[in-house]
Amino acid sequence: MKAMILSEVVSMAENKAPLKLVNLPIPEPKGNEILIKICACGVCHTELDEIEGRTPPPKFPIILGHEIIGRVEKMGSDAHRYKIGDRVGVGWIYSACGGCDYCVKGEENLCESFMATGRDRNGGYAEYMTISEDFAYKIPDIFSDTEAAPLLCAGSIGYRSLKLTNIKDGQTLGLTGFGASGHLVLKMVRYKYPNVETYVFARNEKQREFALKIGAVWAGDISAYSPKKLDCIIDTTPVWKPVVEALKNLKNGGRLVINAIRKEDTDKQYLLKINYQRHLWLEKEIKSVANVTRKDIVEFLSLASEIPIRPKIQEYKLEQANQALYELKTGKILGAKVLVIE
Ligand SMILES: [Zn+2]
Ligand SMILES: [Zn+2]
């Protein structure tokens, strides 16, 4: 099978083509695994973190990609959940132990043995992959393959972030950064909490226009003061400045949810601007979002089909994965990037 593999951690500023096209044997499904013939795989910011070593794969080579749509091609002897030909999706959670306190409580995203698709196990930048049938999802029929792919990560993690804000209808929400996840969160909010006002902070003028067009009540620069103090804010940026700038816009007792697997060190100095009285005093909270659970993905897919959410998509071929990643890094284009695998 064709696959784009990563063989080492590299800086994309120095190497614009970190992935290499190779031919590998098709994996064999064992036990309750299914073999998926992949037709689409979304391109996510987390891949940049893996390539550049902010969340490095534990072994190389590795096939990246965790927003996967495909069809069941073959089943292990104990796999019974799906039929050959069924359309399924795979997200960031590849597996969890199932037995620890976290897993038992449904917090499998926090499991010490959490395995991530496309980091700890091979993912979707390829023609085939295997995974336990318990970690693959049925995809609602209303979505095309390419529309469904980004919902598995940006959408599902966005959904988890929104849950962690504890927002209630009628409150105010801020979004700092307005990429794939931010715009999906805004669509969810408009549907689930019609009386929530959403304020968007983005450095790019086009992103701010887009935010206003799809229902934000206000949009400004990352360091701007919002016209009112906000109950909660979700940060989806890879850097520190937006965290500091967001805290000043929170209400007393407000909560900032950081949805980022790692923060870059480039502007870490900005943290020295934190002023306790202004940024943290009066019970302001900061909470991070880690991974996703299967429940998040299932609930989000159902919500997304109800609304419905149809992400704006830009398609690339599997062989163009490096180009898609580079364009994601340099922030050129709006909407979600998806590799289409023939
Ligand atoms: Zn992702
Ligand atoms: Zn566990």
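Heads up: these notes are all about the structure in this document. Since the model is a prediction, treat every value here as computed from it, not as a measurement.

## Section: the pairing of strand 14 (residues 230–235)
Point 1. Of all six residues that make up strand 14, six are buried, and the element is covered over most of its length.
Point 2. Pairing geometry for strand 11 (residues 172–176) and strand 14, over four bridges, is parallel. From the neighbouring strand, T176 faces strand 14, where its bridge partner is D235.
Point 3. Each parallel crossover has a hand, and for strand 14 linked through helix 6 (residues 241–247) to strand 15 (residues 250–258) it is right-handed.

## Regarding the packing of aromatic side chains
Point 1. Tallied over the full model, the rule gives five aromatic pairs.
Point 2. An angle of 45° between the planes, with centres 6.3 Å apart, marks the rings of Y276 and W281 as tilted.
Point 3. Stacked on the ring of F135, the Lys or Arg R294 has its end atom at 3.9 Å from the ring centre.
Point 4. In this structure, K312 packs its charged tip against the face of F210, placed 5.5 Å from the ring centre.

## Comments concerning the coordination of the zinc ion (ligand 2)
Point 1. Around the zinc ion (ligand 2), the protein contributes the donor atoms C97 (SG), C100 (SG), C103 (SG) and C111 (SG), at 2.3 to 2.4 Å from the metal centre.
Point 2. Taken together, the four donor atoms surrounding the zinc ion (ligand 2) define angles of 105 to 116° at the centre, an arrangement classified as tetrahedral.
Point 3. As a motif over one chain, the donors of the zinc ion (ligand 2) read C-x2-C-x2-C-x7-C.
Point 4. Taking relative accessible area as the criterion, C97 reaches 43% and is therefore assigned partly exposed.

## Concerning the side chain of R255
Point 1. Counting through the fold element by element, R255 comes out in strand 15.
Point 2. With a relative accessible area of 14%, R255 lands in the buried category.
Point 3. A polar contact of 3.1 Å, which involves the side chain of R255, links it to the side chain of E285.
Point 4. Excluding residues within four positions of it along the chain, R255 makes contact with L164, T165, N166, D231, C232, I233, L250, E285 and K287.

## Description of helix 3 (residues 145–165)
Point 1. The terminal C-alpha atoms of helix 3, which comprises 21 residues, lie 30 Å apart, in line with the 30 Å expected from a rise of 1.5 Å per residue.
Point 2. Largest kink in helix 3: about 45°, centred on L152.
Point 3. Within helix 3, 20 of the 21 residues are buried, which leaves it mostly tucked inside the rest of the structure.

## As for the sheet that holds strand 14
Point 1. Judged by pairing direction, the sheet is parallel, and its six strands sit side by side in the order 13-12-11-14-15-16 without closing on themselves. If you trace the sheet from one side to the other, it starts and ends with strand 13 (218–220) and strand 16 (285–288), each paired once. Shown here is a sheet whose adjacent strand axes are inclined to one another by a mean of 20°, direction ignored.
Point 2. The sheet contact formed by strand 15 and strand 16 spans four bridges and is parallel. Paired with I258 across the strands is S288, a residue of strand 16.
Point 3. Strands in contact with helix 3 are strand 11, strand 14, strand 15 and strand 16; relative to strand 15, the strand with the most contacts, it is inclined by about 155°.

## A look at the coordination of the zinc ion (ligand 1)
The expected angle between donors at a tetrahedral four-coordinate metal is 109.5 degrees. At an octahedral six-coordinate metal it is 90 or 180 degrees.
Point 1. Distances from the zinc ion (ligand 1) to its protein donors, C44 (SG), H66 (NE2) and C153 (SG), fall at 1.9 to 2.2 Å.
Point 2. Mapped onto the sequence, the residues coordinating the zinc ion (ligand 1) show the spacing C-x21-H-x86-C. Of this pair, H66 sits in the loop between strand 4 (62–63) and strand 5 (68–75) while C153 sits in helix 3, and the two are 87 residues apart along the sequence.
Point 3. A relative accessible area of 0% places H66 in the buried class.

## Section: the state of the cysteines
Between two cysteines, a covalent bond joining their sulfur atoms is known as a disulfide.
Point 1. Scanning the entire structure with this criterion turns up zero disulfides.
Point 2. Take C39: it sits in no disulfide, and the sulfur closest to it among the cysteines is that of C41, at 10 Å.

## Concerning the pattern of salt bridges
Point 1. The tally for this structure, following the rule as stated, stands at 26 salt bridges.
Point 2. For the salt bridge of K105 with E107, the shortest nitrogen-to-oxygen distance reads 3.7 Å.
Point 3. By relative accessible area, which is 58% here, K105 ends up exposed.
Point 4. Its salt-bridge partner being K295, residue E299 comes within 3.1 Å of it at the nearest N-O pair. Highlighted residues: E299 and K295, both in helix 8 (residues 294–306), separated by four residues, approximately one helical turn.
Point 5. Given a relative accessible area of 54%, K295 falls into the exposed group.
Point 6. One network of salt bridges, in which partners are shared, links D49, E52, R54, E264 and K329.

So, how was this worked out
- Residues numbered from 1 in each chain as written.
- Chains lettered and ligands numbered in written order.
- Predicted model: local features only at pLDDT ≥ 70, side-chain atom pairs only at ≥ 80, totals over all residues.
- Heavy atoms only, no water.
- Buried < 20%, exposed > 50% of the residue type's maximum accessible area, 1.4 Å probe, protein only.
- Helix = DSSP H or I, 4+ residues; strand = E, 2+ residues; numbered from the N terminus.
- Pairing = 2+ DSSP bridges.
- Right-handed = clockwise from strand over helix to strand, strands pointing away.
- Phe/Tyr/Trp six-rings, centres within 6.5 Å; stacked < 30°, edge-to-face > 60°.
- Lys NZ or Arg CZ within 6 Å of the ring centre and 35° of its normal.
- Donors = N, O, S within 2.8 Å, 3.2 Å for Na, K, Ca; no water.
- Tetrahedral: all angles 85-135°; square planar, octahedral: opposite > 155°, others 65-115°.
- Polar contact = N/O pair within 3.5 Å; in protein donor to acceptor, adjacent residues only side chain to side chain.
- Contact = heavy atoms within 4.5 Å.
- Expected span 1.5 Å × (residues − 1).
- Bend = angle between axes of the 7 residues up to and from the residue.
- Axes fitted to C-alpha atoms, helices over the stretch in contact; angles between N-to-C directions.
- Disulfide = S-S within 2.5 Å.
- Salt bridge = Lys/Arg side-chain N within 4 Å of Asp/Glu carboxyl O.

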